[in-house]
Amino acid sequence: VIYEEALKKLNTDKEKTMVFEDAVYAIITAKKAGFIVSGVCDQSEEQDKVKELSDFYIREFKKEEDM
C-alpha cells in the first residue's frame, strides 16, 4: 500500500500520521490500513460519503492572512 511506503519514508508512527484524501476509494484504503484520515472537500458528487468515512473533514484551506 502506498501509505505504508510513505510512512517508511516519513519515519513516523501510524497512530500519529494523518492521510489527506478526497477520493472515496483512497479513504477506504487508508482506513483499512489503520491510518487517521482527513477527507478533503472537492467538487465530486461523493462528498457525503467522504465525510462519512473520514475521521476529519476539511471544507477549505485558507492562508492565515486571508482570515
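The structure this text deals with has already been given above.
Residues numbered from 1 in each chain as written. Predicted model: local features only at pLDDT ≥ 70, side-chain atom pairs only at ≥ 80, totals over all residues. Heavy atoms only, no water.

By the definition in use, this model includes four salt bridges. Residue E4 is joined to K14 by a salt bridge in which the shortest nitrogen-to-oxygen separation is 2.8 Å. Of the two residues, E4 sits in helix α1 (residues 2-10) while K14 sits in the loop between α1 and β1 (18-21), which places them 10 residues apart along the sequence. Its relative accessible area of 26% is what places E4 among the partly exposed residues. Across the pair E5 and K8 runs a salt bridge, and its minimum N-O distance is 3.3 Å. You can see E5 and its partner K8 sitting in helix α1, three residues apart, about one turn around the helix. For K8, a relative accessible area of 59% corresponds to the exposed category. (Salt bridge = Lys/Arg side-chain N within 4 Å of Asp/Glu carboxyl O. Helix = DSSP H or I, 4+ residues; strand = E, 2+ residues; numbered from the N terminus. Buried < 20%, exposed > 50% of the residue type's maximum accessible area, 1.4 Å probe, protein only.)

Functional significance is not addressed by these values, which are geometric in nature.
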